[in-house]
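Listed here are the chains, written in short residue letters.
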Amino acid sequence: MATTSTSTAVFFALLILLCAGGSGEAQLTPTFYDEACPDVNVTSIVRGVIQEALQTDPRIAASLIRLHFHDCFVNGCDASILLDNSSSVDGIDSEKAAFPNINSARGFDVVDKIKIALENACPSIVSCADILAIAAEESVSLSGGPSWTVLLGRRDGTTANRTAANEDLPGPTSTLDELKSKFSAVGLNTSDLVALSGAHTFGRAQCQFFSDRLYDFNSTGSPDSTLNSTYRETLSEICPQNGNGSVLANFDPSTPDGFDSNYFSNLQVHKGLLQSDQELFSTSGADTIDIVNNFSVNQTAFFESFVESMIKMGNISPLTGTDGEIRLNCSKVNEDSFGSSAALLAVY
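Naming follows an unreviewed UniProt entry, where the chain appears as Peroxidase of Rubus argutus. Taken verbatim from the UniProt record of the chain, the Function (unreviewed entry) comment is "Removal of H(2)O(2), oxidation of toxic reductants, biosynthesis and degradation of lignin, suberization, auxin catabolism, response to environmental stresses such as wounding, pathogen attack and oxidative stress. These functions might be dependent on each isozyme/isoform in each plant tissue." Recorded in UniProt under Catalytic activity (unreviewed entry), the annotation for the chain is "2 a phenolic donor + H2O2 = 2 a phenolic radical donor + 2 H2O".

Quick look at the structure:
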(Lines give C-alpha, C1' and ligand atoms only; values in the text may rest on other atoms or scores of the structure.)
Protein backbone atom coordinates (compact mmCIF):
# COMPACT_ATOMS: atom_id res chain seq x y z
CA MET A 1 0.00 0.00 0.00
CA ALA A 2 1.33 3.41 -0.92
CA THR A 3 0.81 5.88 1.93
CA THR A 4 1.60 9.45 2.84
CA SER A 5 4.11 9.54 5.68
CA THR A 6 3.01 10.53 9.15
CA SER A 7 5.44 13.44 9.20
CA THR A 8 4.00 14.84 5.97
CA ALA A 9 0.44 14.46 7.26
CA VAL A 10 1.30 16.19 10.52
CA PHE A 11 2.98 19.01 8.61
CA PHE A 12 -0.17 19.57 6.57
CA ALA A 13 -2.27 19.37 9.72
CA LEU A 14 -0.19 22.00 11.48
CA LEU A 15 -0.21 24.19 8.38
CA ILE A 16 -3.99 24.17 8.31
CA LEU A 17 -4.17 24.86 12.04
CA LEU A 18 -2.01 27.94 11.64
CA CYS A 19 -4.03 29.26 8.74
CA ALA A 20 -7.58 28.41 9.77
CA GLY A 21 -9.93 30.30 11.98
CA GLY A 22 -13.03 28.33 12.89
CA SER A 23 -15.86 29.45 15.11
CA GLY A 24 -15.99 28.87 18.86
CA GLU A 25 -13.11 29.07 21.29
CA ALA A 26 -10.93 26.15 20.20
CA GLN A 27 -9.06 24.87 17.19
CA LEU A 28 -9.01 21.36 15.81
CA THR A 29 -6.19 19.12 17.02
CA PRO A 30 -5.20 15.47 16.46
CA THR A 31 -5.06 14.85 20.24
CA PHE A 32 -8.49 16.26 21.07
CA TYR A 33 -9.85 13.09 22.73
CA ASP A 34 -6.68 12.03 24.52
CA GLU A 35 -7.77 13.50 27.85
CA ALA A 36 -11.54 12.99 27.57
CA CYS A 37 -11.18 9.35 26.44
CA PRO A 38 -7.70 8.38 27.71
CA ASP A 39 -8.25 4.62 27.52
CA VAL A 40 -10.15 4.61 24.23
CA ASN A 41 -8.67 4.46 20.74
CA VAL A 42 -11.38 6.36 18.90
CA THR A 43 -9.86 5.79 15.47
CA SER A 44 -9.49 2.07 16.07
CA ILE A 45 -13.17 1.77 16.97
CA VAL A 46 -14.20 3.60 13.79
CA ARG A 47 -11.88 1.45 11.71
CA GLY A 48 -13.25 -1.76 13.19
CA VAL A 49 -16.85 -0.94 12.32
CA ILE A 50 -15.89 -0.01 8.75
CA GLN A 51 -13.84 -3.17 8.32
CA GLU A 52 -16.86 -5.22 9.34
CA ALA A 53 -19.13 -3.31 6.97
CA LEU A 54 -16.71 -3.83 4.08
CA GLN A 55 -17.13 -7.59 4.41
CA THR A 56 -20.62 -7.35 2.95
CA ASP A 57 -20.63 -3.94 1.28
CA PRO A 58 -17.57 -3.10 -0.84
CA ARG A 59 -19.14 0.28 -1.72
CA ILE A 60 -19.26 1.53 1.85
CA ALA A 61 -15.80 3.14 1.90
CA ALA A 62 -16.65 5.42 -1.03
CA SER A 63 -20.07 6.12 0.45
CA LEU A 64 -18.60 7.24 3.78
CA ILE A 65 -16.11 9.68 2.29
CA ARG A 66 -18.95 11.11 0.20
CA LEU A 67 -20.92 11.80 3.39
CA HIS A 68 -18.00 13.82 4.78
CA PHE A 69 -17.72 15.74 1.50
CA HIS A 70 -21.43 16.51 1.31
CA ASP A 71 -21.44 17.50 4.97
CA CYS A 72 -18.56 19.96 4.80
CA PHE A 73 -19.82 21.76 1.67
CA VAL A 74 -23.09 22.69 3.42
CA ASN A 75 -22.76 24.93 6.49
CA GLY A 76 -19.33 23.48 7.22
CA CYS A 77 -18.32 20.15 8.79
CA ASP A 78 -21.08 19.94 11.39
CA ALA A 79 -22.75 16.56 10.65
CA SER A 80 -25.87 18.35 9.41
CA ILE A 81 -26.19 15.77 6.61
CA LEU A 82 -26.98 13.12 9.22
CA LEU A 83 -30.05 14.87 10.66
CA ASP A 84 -33.50 13.49 9.89
CA ASN A 85 -36.59 15.63 9.36
CA SER A 86 -37.96 17.01 12.60
CA SER A 87 -41.15 18.86 13.50
CA SER A 88 -39.71 20.26 16.71
CA VAL A 89 -39.98 23.95 17.56
CA ASP A 90 -37.20 25.04 15.20
CA GLY A 91 -37.91 22.28 12.69
CA ILE A 92 -35.38 20.49 10.50
CA ASP A 93 -35.67 19.97 6.75
CA SER A 94 -33.24 17.13 6.31
CA GLU A 95 -30.42 17.48 3.81
CA LYS A 96 -30.96 13.79 3.06
CA ALA A 97 -33.91 14.88 0.90
CA ALA A 98 -31.85 17.35 -1.16
CA PHE A 99 -31.40 16.38 -4.81
CA PRO A 100 -27.68 15.53 -4.52
CA ASN A 101 -28.41 13.20 -1.59
CA ILE A 102 -31.85 11.66 -1.98
CA ASN A 103 -31.70 7.96 -2.84
CA SER A 104 -27.94 8.24 -3.30
CA ALA A 105 -26.26 9.33 -0.05
CA ARG A 106 -25.77 6.19 2.01
CA GLY A 107 -23.81 4.77 4.91
CA PHE A 108 -25.98 6.30 7.62
CA ASP A 109 -26.44 2.89 9.24
CA VAL A 110 -22.69 2.43 9.51
CA VAL A 111 -22.31 5.88 11.07
CA ASP A 112 -24.97 4.89 13.61
CA LYS A 113 -23.06 1.70 14.45
CA ILE A 114 -19.88 3.71 14.93
CA LYS A 115 -21.71 6.16 17.18
CA ILE A 116 -23.15 3.36 19.32
CA ALA A 117 -19.72 1.77 19.70
CA LEU A 118 -18.16 5.09 20.72
CA GLU A 119 -20.98 5.90 23.15
CA ASN A 120 -20.41 2.54 24.82
CA ALA A 121 -16.68 3.24 25.11
CA CYS A 122 -16.72 6.96 25.94
CA PRO A 123 -20.24 8.37 26.41
CA SER A 124 -21.25 11.85 25.26
CA ILE A 125 -17.78 12.84 24.07
CA VAL A 126 -17.14 12.04 20.37
CA SER A 127 -19.10 14.17 17.90
CA CYS A 128 -20.85 12.88 14.82
CA ALA A 129 -18.93 15.46 12.75
CA ASP A 130 -15.64 13.95 13.92
CA ILE A 131 -16.96 10.47 13.18
CA LEU A 132 -17.47 11.51 9.55
CA ALA A 133 -13.95 12.94 9.34
CA ILE A 134 -12.34 9.83 10.84
CA ALA A 135 -14.51 7.49 8.77
CA ALA A 136 -13.42 9.27 5.58
CA GLU A 137 -9.73 8.79 6.41
CA GLU A 138 -10.16 5.17 7.46
CA SER A 139 -12.21 4.39 4.36
CA VAL A 140 -9.42 5.66 2.11
CA SER A 141 -6.71 3.88 4.08
CA LEU A 142 -8.58 0.56 4.14
CA SER A 143 -9.01 0.80 0.36
CA GLY A 144 -5.29 1.10 -0.36
CA GLY A 145 -5.00 4.87 -0.27
CA PRO A 146 -3.04 7.20 2.01
CA SER A 147 -3.56 7.61 5.73
CA TRP A 148 -3.26 10.89 7.57
CA THR A 149 -3.57 12.50 10.95
CA VAL A 150 -7.18 13.62 11.35
CA LEU A 151 -7.76 16.90 13.14
CA LEU A 152 -10.49 16.56 15.78
CA GLY A 153 -12.69 18.67 18.01
CA ARG A 154 -15.64 19.44 15.74
CA ARG A 155 -19.02 19.75 17.39
CA ASP A 156 -22.38 18.91 15.89
CA GLY A 157 -24.78 21.45 14.43
CA THR A 158 -28.36 21.74 15.60
CA THR A 159 -29.94 22.45 12.24
CA ALA A 160 -29.76 21.40 8.59
CA ASN A 161 -29.88 23.41 5.38
CA ARG A 162 -31.63 21.59 2.54
CA THR A 163 -31.67 24.70 0.37
CA ALA A 164 -27.89 25.06 0.59
CA ALA A 165 -27.46 21.35 -0.11
CA ASN A 166 -29.45 21.78 -3.32
CA GLU A 167 -27.51 24.87 -4.34
CA ASP A 168 -23.96 24.46 -3.06
CA LEU A 169 -23.01 20.84 -3.74
CA PRO A 170 -21.24 20.17 -7.05
CA GLY A 171 -23.38 18.09 -9.37
CA PRO A 172 -22.65 15.32 -11.89
CA THR A 173 -23.34 17.67 -14.82
CA SER A 174 -21.40 20.64 -13.47
CA THR A 175 -19.07 22.40 -15.89
CA LEU A 176 -15.50 23.16 -14.86
CA ASP A 177 -16.37 26.80 -14.19
CA GLU A 178 -19.28 25.71 -11.98
CA LEU A 179 -17.06 23.27 -10.11
CA LYS A 180 -14.42 25.92 -9.50
CA SER A 181 -17.03 28.36 -8.27
CA LYS A 182 -18.52 25.93 -5.76
CA PHE A 183 -15.13 24.86 -4.45
CA SER A 184 -13.97 28.47 -4.21
CA ALA A 185 -17.07 29.35 -2.21
CA VAL A 186 -15.86 27.10 0.61
CA GLY A 187 -12.21 28.15 0.40
CA LEU A 188 -10.92 25.36 -1.84
CA ASN A 189 -8.81 26.07 -4.92
CA THR A 190 -8.29 24.37 -8.27
CA SER A 191 -5.67 21.95 -6.93
CA ASP A 192 -8.12 20.94 -4.20
CA LEU A 193 -10.82 20.43 -6.82
CA VAL A 194 -8.72 18.01 -8.86
CA ALA A 195 -7.29 16.17 -5.85
CA LEU A 196 -10.65 15.70 -4.13
CA SER A 197 -12.30 14.66 -7.39
CA GLY A 198 -9.84 11.78 -7.27
CA ALA A 199 -12.09 10.21 -4.64
CA HIS A 200 -14.07 9.01 -7.65
CA THR A 201 -11.34 6.44 -8.12
CA PHE A 202 -13.57 4.07 -6.15
CA GLY A 203 -17.30 3.61 -5.66
CA ARG A 204 -20.30 3.62 -7.98
CA ALA A 205 -22.71 6.04 -9.65
CA GLN A 206 -26.30 5.52 -10.73
CA CYS A 207 -27.15 5.52 -14.43
CA GLN A 208 -29.48 8.49 -13.98
CA PHE A 209 -26.49 10.73 -13.26
CA PHE A 210 -24.67 10.11 -16.55
CA SER A 211 -27.01 8.37 -19.00
CA ASP A 212 -27.61 11.61 -20.91
CA ARG A 213 -23.96 11.43 -21.95
CA LEU A 214 -24.69 8.13 -23.67
CA TYR A 215 -27.70 9.17 -25.74
CA ASP A 216 -28.74 12.81 -25.60
CA PHE A 217 -26.03 15.03 -24.20
CA ASN A 218 -27.25 18.55 -23.42
CA SER A 219 -30.38 17.83 -25.51
CA THR A 220 -28.31 17.48 -28.71
CA GLY A 221 -29.71 14.05 -29.58
CA SER A 222 -26.15 12.74 -29.68
CA PRO A 223 -23.71 11.26 -27.15
CA ASP A 224 -21.12 13.36 -25.34
CA SER A 225 -18.21 13.76 -27.76
CA THR A 226 -15.72 13.69 -24.89
CA LEU A 227 -16.76 10.14 -23.94
CA ASN A 228 -14.62 7.25 -25.24
CA SER A 229 -16.77 5.41 -27.79
CA THR A 230 -15.80 1.92 -26.61
CA TYR A 231 -16.45 2.92 -23.03
CA ARG A 232 -19.79 4.37 -24.09
CA GLU A 233 -20.80 1.03 -25.59
CA THR A 234 -19.89 -0.71 -22.34
CA LEU A 235 -21.89 1.79 -20.32
CA SER A 236 -24.85 1.47 -22.69
CA GLU A 237 -25.06 -2.22 -21.88
CA ILE A 238 -25.24 -1.35 -18.18
CA CYS A 239 -27.55 1.61 -18.70
CA PRO A 240 -29.83 1.05 -21.72
CA GLN A 241 -31.79 4.04 -22.97
CA ASN A 242 -34.92 4.61 -20.86
CA GLY A 243 -33.75 1.85 -18.53
CA ASN A 244 -33.58 1.68 -14.73
CA GLY A 245 -31.88 4.87 -13.59
CA SER A 246 -30.81 3.40 -10.25
CA VAL A 247 -28.56 0.71 -11.77
CA LEU A 248 -24.95 1.18 -10.70
CA ALA A 249 -21.76 1.54 -12.73
CA ASN A 250 -18.20 1.59 -11.39
CA PHE A 251 -16.36 4.90 -11.43
CA ASP A 252 -13.17 3.00 -12.26
CA PRO A 253 -13.68 -0.09 -14.44
CA SER A 254 -10.27 -1.56 -13.56
CA THR A 255 -9.99 -1.23 -9.76
CA PRO A 256 -13.53 -0.24 -8.65
CA ASP A 257 -12.93 -0.71 -4.92
CA GLY A 258 -9.31 0.40 -4.71
CA PHE A 259 -8.06 3.89 -3.96
CA ASP A 260 -5.38 4.70 -6.54
CA SER A 261 -4.54 7.15 -9.32
CA ASN A 262 -6.41 5.26 -12.05
CA TYR A 263 -9.14 7.91 -11.98
CA PHE A 264 -6.77 10.36 -13.68
CA SER A 265 -5.50 7.82 -16.22
CA ASN A 266 -9.14 7.15 -17.10
CA LEU A 267 -9.73 10.85 -17.74
CA GLN A 268 -6.79 10.91 -20.16
CA VAL A 269 -8.46 8.28 -22.34
CA HIS A 270 -11.89 9.91 -21.97
CA LYS A 271 -13.27 7.33 -19.57
CA GLY A 272 -14.50 9.71 -16.88
CA LEU A 273 -17.91 8.41 -15.79
CA LEU A 274 -19.58 11.72 -14.94
CA GLN A 275 -19.50 14.87 -17.02
CA SER A 276 -18.05 16.67 -13.99
CA ASP A 277 -15.18 14.16 -13.97
CA GLN A 278 -14.27 14.48 -17.63
CA GLU A 279 -14.50 18.28 -17.48
CA LEU A 280 -11.19 18.29 -15.58
CA PHE A 281 -9.33 16.98 -18.62
CA SER A 282 -11.49 17.75 -21.65
CA THR A 283 -12.14 21.45 -21.08
CA SER A 284 -9.97 23.16 -23.68
CA GLY A 285 -7.06 25.13 -22.22
CA ALA A 286 -8.03 24.34 -18.62
CA ASP A 287 -5.43 24.66 -15.87
CA THR A 288 -6.68 21.36 -14.47
CA ILE A 289 -5.23 19.36 -17.37
CA ASP A 290 -1.63 19.56 -16.18
CA ILE A 291 -2.69 18.50 -12.69
CA VAL A 292 -4.55 15.48 -14.09
CA ASN A 293 -1.50 14.54 -16.17
CA ASN A 294 0.77 14.79 -13.15
CA PHE A 295 -1.45 12.73 -10.88
CA SER A 296 -1.89 10.03 -13.54
CA VAL A 297 1.84 9.26 -13.59
CA ASN A 298 2.72 10.21 -10.02
CA GLN A 299 0.45 8.49 -7.52
CA THR A 300 2.54 9.78 -4.63
CA ALA A 301 1.88 13.36 -5.73
CA PHE A 302 -1.84 12.61 -5.91
CA PHE A 303 -1.89 11.02 -2.47
CA GLU A 304 0.01 13.92 -0.88
CA SER A 305 -2.27 16.50 -2.51
CA PHE A 306 -5.35 14.50 -1.59
CA VAL A 307 -4.31 14.38 2.07
CA GLU A 308 -3.66 18.11 2.14
CA SER A 309 -7.01 18.87 0.52
CA MET A 310 -8.92 16.48 2.80
CA ILE A 311 -7.48 18.17 5.89
CA LYS A 312 -8.32 21.55 4.38
CA MET A 313 -11.88 20.48 3.54
CA GLY A 314 -12.34 18.99 7.00
CA ASN A 315 -11.59 22.38 8.48
CA ILE A 316 -14.41 24.22 6.68
CA SER A 317 -16.29 26.25 9.32
CA PRO A 318 -16.23 23.69 12.13
CA LEU A 319 -18.19 24.31 15.31
CA THR A 320 -15.74 24.22 18.23
CA GLY A 321 -15.49 25.22 21.86
CA THR A 322 -19.02 25.58 23.22
CA ASP A 323 -20.76 26.05 19.87
CA GLY A 324 -23.19 23.34 18.80
CA GLU A 325 -23.47 20.12 20.80
CA ILE A 326 -22.32 16.53 20.97
CA ARG A 327 -25.26 14.60 19.58
CA LEU A 328 -26.07 11.36 21.33
CA ASN A 329 -27.93 10.18 18.24
CA CYS A 330 -26.41 11.37 14.99
CA SER A 331 -29.79 11.65 13.25
CA LYS A 332 -31.38 13.85 15.94
CA VAL A 333 -30.44 16.96 17.86
CA ASN A 334 -30.32 16.34 21.58
CA GLU A 335 -33.47 18.35 22.22
CA ASP A 336 -35.38 15.91 20.02
CA SER A 337 -33.68 12.92 21.63
CA PHE A 338 -34.67 13.95 25.15
CA GLY A 339 -37.55 16.38 24.65
CA SER A 340 -35.55 19.03 26.48
CA SER A 341 -32.90 21.57 25.64
CA ALA A 342 -31.08 20.43 28.79
CA ALA A 343 -29.52 17.54 26.92
CA LEU A 344 -26.02 16.37 27.68
CA LEU A 345 -23.49 18.76 26.24
CA ALA A 346 -19.82 17.96 26.48
CA VAL A 347 -17.84 21.16 26.99
CA TYR A 348 -14.06 21.09 26.79
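Section: the UniProt feature "binding site: substrate" (unreviewed entry) in the chain
According to UniProt, the positions carrying the feature "binding site: substrate" (unreviewed entry) are P170. Mapped onto the elements, P170 comes out in the loop between α6 (162-168) and α7 (176-184).

Here we look at the UniProt feature "site: Transition state stabilizer" (unreviewed entry) in the chain
Listed under "site: Transition state stabilizer" (unreviewed entry) in the UniProt record, and renumbered for this structure, are R66. Given the relative accessible area of 29%, R66 is considered partly exposed. Setting aside anything within four residues of it in sequence, one finds R66 in contact with P100, S104 and A105.

Some words on the environment of I316
Position of I316 relative to the elements: it lies in the loop between α14 (299-313) and α15 (334-338). Linking I316 and D78, residues 238 residues apart in sequence, is a C-alpha distance of 9.2 Å. Residue contacts for I316: discarding those within four places in its chain leaves C72, G76, C77, V186 and L188.

A word on the environment of L193
As for its placement among the helices and strands, L193 is situated in helix α8 (residues 190-197). Residues L193 and K182, spaced 11 residues apart in sequence, show a C-alpha to C-alpha distance of 9.5 Å. Those residues in contact with L193 that sit more than four places away from it in its chain are L176, L179, K180, F183 and L280.

Quick word on the nonpolar core
Counting 81 residues, the largest nonpolar core has L82, I114, F306 and M313 as the members making the most contacts within it. With 9 residues, the single largest contributor to this core is helix α5 (residues 128-142).

Some points on the pattern of salt bridges
As enumerated under the stated definition, the model contains 9 salt bridges in all. Here K180 makes a salt bridge to D287, at a shortest N to O gap of 2.7 Å. Taken together, the positions of K180 in helix α7 and D287 in the loop between α12 (275-282) and α13 (288-297) put the pair 107 residues apart, joining distant regions of the chain. For K180, a relative accessible area of 25% translates into the label partly exposed. D287 gets classed as partly exposed once you look at its relative accessible area, which sits at 44%.

A look at the layout of surface pockets
Of the volumes computed, that of the largest pocket is approximately 870 Å³. Together, 43 residues line the largest pocket, and R66, H70, H200, F251 and L274 are the ones closest to its centre. Looking at the lining of the largest pocket, the elements with two or more residues in it are α3 (60-72), α7, α8, β1 (204-206), α12 and α14. Sort the elements by how many residues they give to the lining of the largest pocket and α3 lands first, with 7 residues.

Examining empty space enclosed by the protein
Over the atoms rolls a probe the size of a water molecule, and its path tells where empty space is left. Evaluated as defined, the whole model comprises 1 cavity of 30 Å³ or more. Empty space within the largest cavity amounts to approximately 70 Å³. Around the largest cavity, the lining residues are H68, A133, W148, T149, V150, L151, R154, M310, I311 and G314. Residue classes in the lining of the largest cavity are distributed as 6 nonpolar, 3 polar and 1 charged.

Focus on the side chain of S104
Here S104 lies in the loop between α3 and α4 (108-121). Taking the relative accessible area as the measure of exposure, S104 reaches 12% and is therefore buried. Non-local contacts of S104, meaning those with residues more than four positions away in its chain, are made with R66, Q206 and F209.

Focus on the packing of α3 against α4
At a minimum axis separation of 10 Å, α3 and α4 run at an interaxial angle of 80°. Put simply, α3 runs roughly perpendicular to α4. Judged by residue contacts, I60, L64 and L67 of α3 engage F108, V110 and V111 from α4. Grouping the constituent residues of the contact of α3 with α4 by class yields 6 nonpolar, no polar and no charged.

About the cut-offs
Residues numbered from 1 in each chain as written. Predicted model: local features only at pLDDT ≥ 70, side-chain atom pairs only at ≥ 80, totals over all residues. Heavy atoms only, no water. UniProt positions renumbered as here; feature names shortened; annotations may be inferred. Helix = DSSP H or I, 4+ residues; strand = E, 2+ residues; numbered from the N terminus. Buried < 20%, exposed > 50% of the residue type's maximum accessible area, 1.4 Å probe, protein only. Contact = heavy atoms within 4.5 Å. Core = buried A, V, L, I, M, F, W, Y, C linked by side-chain atoms within 4.5 Å. Salt bridge = Lys/Arg side-chain N within 4 Å of Asp/Glu carboxyl O. 1 Å grid on protein atoms, 1.4 Å probe; cavity = no way out; pocket = protein on both sides within 12 Å on 5 of 7 lines; lining within 4 Å. Points joined across faces, edges and corners; volume = space filled by probe spheres on them. Nonpolar A, V, L, I, M, F, W, Y, C, P; charged D, E, K, R; others polar. Axes fitted to C-alpha atoms, helices over the stretch in contact; angles between N-to-C directions. Parallel < 35°, antiparallel > 145°, perpendicular 65-115°, else oblique.

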